[in-house]
Structures are given as C-alpha cells and as structure tokens.
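Working through the structure, step by step
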Protein chains: 2
Amino acid sequence: MDDGTMTEQAACAGFRAAAVAAGLKKRGGLDLGLIVCDEKAAAAGVFTTNRVQAAPVILSRERLGAGVCRAVVANAGNANCCTGQRGMEDARAMARSAADALGIDPEEVLVASTGVIGQPLPAERVAAAMPGLVKKLSPAGFSDFASAIMTTDLVPKIAVETTVIDGRTVTVTGVAKGSGMIRPDMATMLCFVCVDAEIDSGLLRRLLADGVDRTFNRITVDGDTSTNDMALILASGRSGAVIAGEPAESAFGECLTAALARLARMVVKDGEGATKLVDIIVEGAKTAGDARRVADAVAHSSLVKTALFGQDANWGRIIAAAGRSGAAIDPDRIEILFDDVTMVADGMGLGPEAEA
Amino acid sequence: MDDGTMTEQAACAGFRAAAVAAGLKKRGGLDLGLIVCDEKAAAAGVFTTNRVQAAPVILSRERLGAGVCRAVVANAGNANCCTGQRGMEDARAMARSAADALGIDPEEVLVASTGVIGQPLPAERVAAAMPGLVKKLSPAGFSDFASAIMTTDLVPKIAVETTVIDGRTVTVTGVAKGSGMIRPDMATMLCFVCVDAEIDSGLLRRLLADGVDRTFNRITVDGDTSTNDMALILASGRSGAVIAGEPAESAFGECLTAALARLARMVVKDGEGATKLVDIIVEGAKTAGDARRVADAVAHSSLVKTALFGQDANWGRIIAAAGRSGAAIDPDRIEILFDDVTMVADGMGLGPEAEA
C-alpha cells in the first residue's frame, strides 16, 4: 500500500490502528478500538467538565500527567461510569491487557469508554479480544477505529488535514464520535487526534485546548454533556517537522483546528434526530463573552429549535432568547437575519409576526 | 348574588372585572380584560428580566413607582412588543381609553399584553371595545378575565385562597396565563392578584417577590422567557384586615404564596404539549444555590425531558445533568429516586442501565 492510499484512509506516520468486535455493543459490530504509536508519543488531552466522571476519564487524565503515551484503547457499548471502585479496576485492566499484548508499560496506555452507564465493564471480554485486536493493527486502521467508537452515531467521523512546515508535510488525523449529549464546555464526545509532528506535550495541550474551544466547545445538539467526554492528541514526530515557535506553531494550530472543526460539524450534522445544521453568527457584541452568551442562549433555546425544525421564521423566539442571555443588549438596535433576509431592524419586526 | 357564590366565582372585595371580544385574537373570543378597584388600591409588580421588554412592561413598571393603581387592562392576541415608539404610544392609549371610560386618572391604569410580537397593537379596536367592557364589570368577572388573557393555554387559571387575620377573612384572588416560554427568573407569564387586605405597597412588593421566587420562579416548561411577563398585585383593603408586622405578615405571605403556587402548577400542567408534571426535589445540598443549580440543570435538560416523556427510567441523564450543573457534587454519594424507587445509591446504578 503506498503512502497516497494510506493518506486517503486517514493514516498518520508513526501510528497504527485497528478495531474488533468484542461483544460490548448489544447490537454487535466493531466495539473495541486501539491506536498505537511506534514509539513514545507526546500526548495531551482535554476532558469533560462534568462533576460526574467515568473511570476511564479519571484514569486517562491521571496518566496524561507524564505527557507521553504509547497506546489508546477505546470501547463503545459500555461507558464504565457510575461503576465505583470496580470501574477503576476495570479501566486499569483494560489498559493492562493492551499493554501486555503490545509488550509496553501499562502506564503509557490511555483508555476511553462510551455507551450505557451504571453497568460493570465486561473487562474479560476486552482482555479476550486484545490479541486479535493487536494482530489487526495497521496504518490504515483508523476507519475501523472510527466505526468501533460509534454509539448512536449514524456515520463514522474522520478528518485529515495537512500543512507544510519547514518544507515537511505534517498530517493531522482525527476521529470522533458524538451524536447525543452535545453542548459546549468540553467536550461532549470522544475525539482522538494523531499528528506526525514533533511537539512538546505542554504546547500540544495548549493548542488542543485552543482548538477545542473554537470548535467542539461551540456546537450543541441537545444541550447536555456526558460523563465520558475526552479529546486526546498524540504526536509521533515522524514527519520530521518540529513545532516550536512561530510560524510553525500557528500553522500547526490552524491545521489542527481545521481538523477539529470538520469533526465538530460532522457531530452536529449527525446529531440524534437532527434535521438542520445551523450556524449562529453574532456581530457587534461589546465583548466576546457577550457574543457567546447570545449564541448559547439562542442555540439552546427549545423554542428556537422547534421553530427551526418546523421551518417557522419565528424571530420572536430568537429575540426573546437573546434578551434573556445576560448579554448587554440594546433592544432598539437588534437586527436579525435569516441568511440574507432581514427579519428585524432597529428592534422592530419587518416580516411576519412572532410570539411572546 | 350572595357573597358565597361570588367567592366561588373568584371575587375579591373591592374589585370588579370583565372581558370582551375586541377582535385582537385571530381565532376570536374574549381577548380584552379589565380589573377595576372601587378605590385606589396599593399596587406592586414584578417583571420579566429579559433585556427585550414590551411596551406595556415598560409603562406598567414606570407607573408602579407611585405604588397605587385603580385599574389593569390586559389583552391577548398582540404582545405590543418590538413595536418601537408607536408601541409605547399604543400602550398609553390603551390605558387612556380605560381611564376615560371609567372617569379616572390614566396614570393609575396599568397595562399588560400577550400574543404575537412585532405587529402594531390595534389600539383603535381596544378603544372601541372599552365602553362595552366597562359596562360588563362585575365582582364575578374574574372568570371571563382569566379566559381573555389565554393564548396557547388550554384552560383558564384562577386560584382563590383565604386566611383569617385579626378575626377578618382575607381573600387572595389570582388569575394567570402561561403555557409556553416558561422558565424561572421571572416571571414567564401574566399574573394578576387581587387582595382585600390593607397593606403598604412596599411590603406588598416584597411579599409578591418572595412568593414569585418560591413559585413561578421554580417552574419550567420549555426553558424560555418572554418579553411580556409580569405579575401584578392590587390590595383594596376592603376586608378591614391590616397587614403590618407579625403574625399578619407571615399569614398573608403564606396565603399569597399558596395562591401563586396553585397558579404556577396550573401553568406547568397546561404547558404546551406537556404530558407530565414533575416535581424535582433536591436534598442534602450544601447551599440553597447548589440545590437550585441541580434542579435547574435537571429540569432544563432536553435529554431528561425526552426520557420522562418516553417513560424511560434513564437516570444516567439525570446524573449527567446534575454533574454539569456547577453545584459541588460528590459523585460517590449521589442518590436518585423516582418516587420511592431508588435507582442510584452511592453514585452507582441499582436498576436498569443508562447512557453516557
């Protein structure tokens, strides 16, 4: 297989991936995935801000303290959440079974889980499936990996972006799952990003957090967050490009954010029951915080959602949501446009009536 | 008509009410209501916290500065919101036409509107209907008034509570409308309360605000607020009971809150498309603020709502909502009960699985 083909299949130099059916999803199919880096990768992550956190979130966050990682094992079908002390043991066992099969240090294995909560993870099925999973590892395995982490998702989500830094092509390969429990404030899904640049794990963490803030933290489907959300990034350094200082940092950051943005839009488009993909653009706000408050209030408004679902140009619901957002709004200067159709100017309706 | 019958029909000594069809609602029917106090009533109100406020909200708030009121005129079918300077003129004209017909000072007339926004109020229809409306005024007219202010409400909402203070029976008669755009933070509907006690308007304001905080500010239907919300209270003093100092203040406050609570529950029960009425009880919170944060997050969660609608005991959605509420939660001590069935104890699920 030549490099061209592998890029098409979402490869990233230095990484191999695979997935198998381990019997964790009720409906069957791929449900256990593994990403392995040939050598130690710089690693970073951002995690759910929910106070209730699943065992794999707690374990992976702890292990990322070292800033390095060799492998990530992820499963769907069982979230290993609200499972108490046994859940922590099962998360460690999941990492250890991967480490044993790969002959690496278990401390360098991160774990992620998604699916039903409150049920013990069948760690023995994970262990039993591990040798077969390791055997399937391949540079072209990201596609299977993306399928394995799907829950209510209808389509697998992969994005590949490249940029040239110091004359070397840097590849960012991201996979994500997410459809329900989607709202801002991290991170509302699982996301795994592999890059072949060489980069310090602290800088990697910062660029990931920036990128997530501009992408995943600005989407919403149902306004809820889950207990299992995480975005992990691993850097193999295999492209030979070194990300340190400008302009490399900005170029890499933009490339990473572009990949995250594509994944984030895929998540919204594949939102549970979603029929519309809507961009909310706020202009003229005094502060970025105010712009975000307005966007959040409008995006999370059930009445705005139902109006859009019903294709009803009820701008009254938008103005009411903006008005309660907490942002400093001058009611007499509100302007509302649907695409290029002006519905409200100077705080007064131009088109059809609305409700309040 | 004897007093007994009038109490049944929600009368309150010193007040008369009425409603007519003025052609403001598209579907016809009663849509213009009037409450008149025989003499000057002490008056107070609480208003929407939305930054976008309808003309009648602005006008009534301003006029309440004096703490007295003789009449309230309210309409449904048109919210007189997002109507600019003309809206303010129309609100004043609405008050003036009532004042002219009653032979009182227009400054002592409060106005309220609900319905479509962004359309000018047909003030000429209001004026034309006023003589007939005044002619219909009767102590037993609250029932018609309650019907006139309905928009998407399926049932009129009236609550009467009485208490004995200093040997005199005090009556609280409240009417409200509300079905959509219901969430806490005042006041998500229109509410008009008449009492026959004598009470200072400052104290009246405080007791109304307390009562609203414990009732209307704790209900939610769709999580949105409107631009037209207000709760007004008028006190005629006709019962002879004087509310000043304890125990009269507490007794009256409890009676008022009981009436508001009944109206608030009616609003939720009549929520647009509502099939369930759910009480959320939070115990063991470190602060009242934390209790409220948890209740709000759970109540506003679309996923919790859809689970309850579908009669799915998915406690995972409740635990996830509580976890993101911002309250200081100890995940290992979470307990969740549906009625008397314990679903989660010590942060672990006991019953069926959930999702995350």
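Let us look at the structure shown here.

When you go through chain A residue by residue, the secondary structure sums to 10 helices and 14 strands. Rg of the C-alpha trace for chain A: 22 Å, near the compact-globule value of 21 Å for 356 residues, within the 12% margin. In chain A, which comprises 356 residues, the share counted as buried stands at 57%. When contacts within chain A are restricted to residue pairs at least 6 apart in sequence, long-range pairs at least 24 apart make up 76% of them. When the 35 positive and 45 negative side-chain charges of chain A are each reduced to one mean point, those points stand 6 Å apart.

A separate point is the pairing of strand β7 (residues 190-195) of chain B. Residues and elements named next belong to chain B. With respect to burial, β7 is a largely interior element, six of its six residues being buried. Of the two faces of β7, the one holding L190, F192 and C194 and the one holding C191, V193 and V195 are both buried throughout. Looking at chain direction, strand β6 (residues 168-177) and β7 are connected through six bridges and run antiparallel. Among the inter-strand pairings, A176 is bridged to a residue of β7, identified as C191.

As a further point, take the sheet that holds strand β13 (residues 348-349) of chain A. All names here are of chain A. Across the sheet, which stays open at both edges, the three strands sit in the order β11-β12-β13 with antiparallel pairing between neighbours. Edge positions in the sheet fall to β11 (336-338) and β13, since each of these pairs with one other strand and no more. As defined by bridge partners, β11 adjoins strand β12 (residues 341-345) across three bridges and the pair is classed as antiparallel. Paired with F338 across the bridge in β12 is V341. Of the strands in this sheet, β11, β12 and β13 touch helix α10 (residues 315-323), which is tilted by about 135° from β11.

Moving on, we come to the state of the cysteines. Residue and element names in this part refer to chain A. The tally for this structure, following the rule as stated, stands at zero disulfides over all chains. Of all cysteine sulfurs in the structure, the one in C194 sits closest to C12, which takes part in no disulfide; the separation is 5.7 Å. With relative accessibility at 3%, the residue C12 sits in the buried group.

Residues and elements named next belong to chain B. Taken in spatial order, the three strands of this open sheet run β11-β12-β13, and their pairing is antiparallel. Each end of this open sheet is capped by a strand with a single partner; those strands are β11 (336-338) and β13 (348-349). Its contacts with the sheet put helix α10 (residues 315-323) on β11, β12 (341-345) and β13, and the angle it makes with β11 is roughly 135°.

Attention shifts here to the pairing of β12(A). All names here are of chain A. Count of turn residues in the β11/β12 antiparallel hairpin: two residues, of which D339 carries a positive phi of about 50°. Two elements, β12 and β13, share two bridges in a ladder whose sense is antiparallel. Bridge assignment links A345 to a residue of β13, and that residue is M348. The hairpin formed by β12 and β13 contains two residues between the paired strands, and D346 there has a positive phi angle of roughly 50°.

Let's shift gears to the packing of helix α9 (residues 302-309) of chain A against α10(A). All names here are of chain A. It is the contact of α9 with α10, at a shortest axis distance of 9 Å, that shows an interaxial angle of 160°. One way to sum up the angle between α9 and α10 is to call them roughly antiparallel. Judged by the twist between their axes, the crossing of α9 over α10 is left-handed. Across the interface between the two elements, L303, V304, T306 and A307 from α9 touch R317, I318 and A321 from α10. Its residues placed into classes, the contact of α9 with α10 shows five nonpolar, one polar and one charged.

Let us now look at helix α4 (residues 123-135) of chain A. In this model α4(A) runs 19 Å from its N-terminal to its C-terminal C-alpha over 13 residues, within 8% of the 18 Å that 1.5 Å per residue would give. The set of residues buried in α4(A) consists of A123(A), V126(A), A129(A), M130(A), L133(A) and V134(A).

This part takes up the side chain of N75(B). All names here are of chain B. Assignment of secondary structure puts N75 in strand β3 (residues 68-78). With relative accessibility at 0%, the residue N75 sits in the buried group. A polar atom in the side chain of N75 sits 2.9 Å from the backbone oxygen of N78. Here S113 takes part through its side chain, which lies 2.6 Å from a polar atom of the side chain of N75.

Attention now moves to the environment of S301(B). Residues and elements named next belong to chain B. With respect to the helices, strands and loops of the structure, S301 is situated in the loop between α8 (288-300) and α9 (302-309). S301 gets classed as buried once you look at its relative accessible area, which sits at 0%. Each C-alpha atom, one on S301 and one on A320, is 9.5 Å from the other, the two residues being 19 residues apart in sequence.

To continue, consider the packing of helix α6 (residues 201-214) of chain B against helix α7 (residues 248-269) of chain B. For any two helices packed against each other, the geometry comes down to the angle between their axes and how far apart the axes lie. All names here are of chain B. The geometry of α6 relative to α7 is characterised by a closest axis approach of 9 Å and an angle of 45° between their N-to-C directions. Taken together, the axes of α6 and α7 lie oblique to each other. Here α6 and α7 pass one another in a crossing that is right-handed. In this structure, α6 uses L203, L204, R206, L207, L208, G211, V212 and R214 to contact α7, whose residues at the interface are E249, F252, G253, L256, T257 and L260. Tallied by class, residues from the contact of α6 with α7 come to eight nonpolar, three polar and three charged.

Taken together, the side chains of E283(A), D330(A), D332(A), E335(A) and D346(A) present a region of like negative charge at the surface. Secondary-structure assignment places E283(A) in the loop between α7 (248-269) and α8 (288-300).

The rules we used
- Residues numbered from 1 in each chain as written.
- Chains lettered and ligands numbered in written order.
- Predicted model: local features only at pLDDT ≥ 70, side-chain atom pairs only at ≥ 80, totals over all residues.
- Heavy atoms only, no water.
- Helix = DSSP H or I, 4+ residues; strand = E, 2+ residues; numbered from the N terminus.
- Rg over C-alpha atoms; globule rule 2.2 N^0.38 Å.
- Buried < 20%, exposed > 50% of the residue type's maximum accessible area, 1.4 Å probe, protein only.
- Contact = heavy atoms within 4.5 Å.
- Lys, Arg positive; Asp, Glu negative; His and termini not counted.
- Charge placed at Lys NZ, Arg CZ, Asp CG, Glu CD.
- Pairing = 2+ DSSP bridges.
- Axes fitted to C-alpha atoms, helices over the stretch in contact; angles between N-to-C directions.
- Disulfide = S-S within 2.5 Å.
- Parallel < 35°, antiparallel > 145°, perpendicular 65-115°, else oblique.
- Left-handed = near helix turned anticlockwise from the far one by under 90°.
- Nonpolar A, V, L, I, M, F, W, Y, C, P; charged D, E, K, R; others polar.
- Expected span 1.5 Å × (residues − 1).
- Polar contact = N/O pair within 3.5 Å; in protein donor to acceptor, adjacent residues only side chain to side chain.
- Patch = residues over 30% accessible without salt bridge, like charges linked within 9 Å, V, L, I, M, F, W, Y side chains within 5 Å.
- Areas by Shrake-Rupley, 256 points an atom, 1.4 Å probe, with all protein chains shown as cover.
- Salt bridge = Lys/Arg side-chain N within 4 Å of Asp/Glu carboxyl O.

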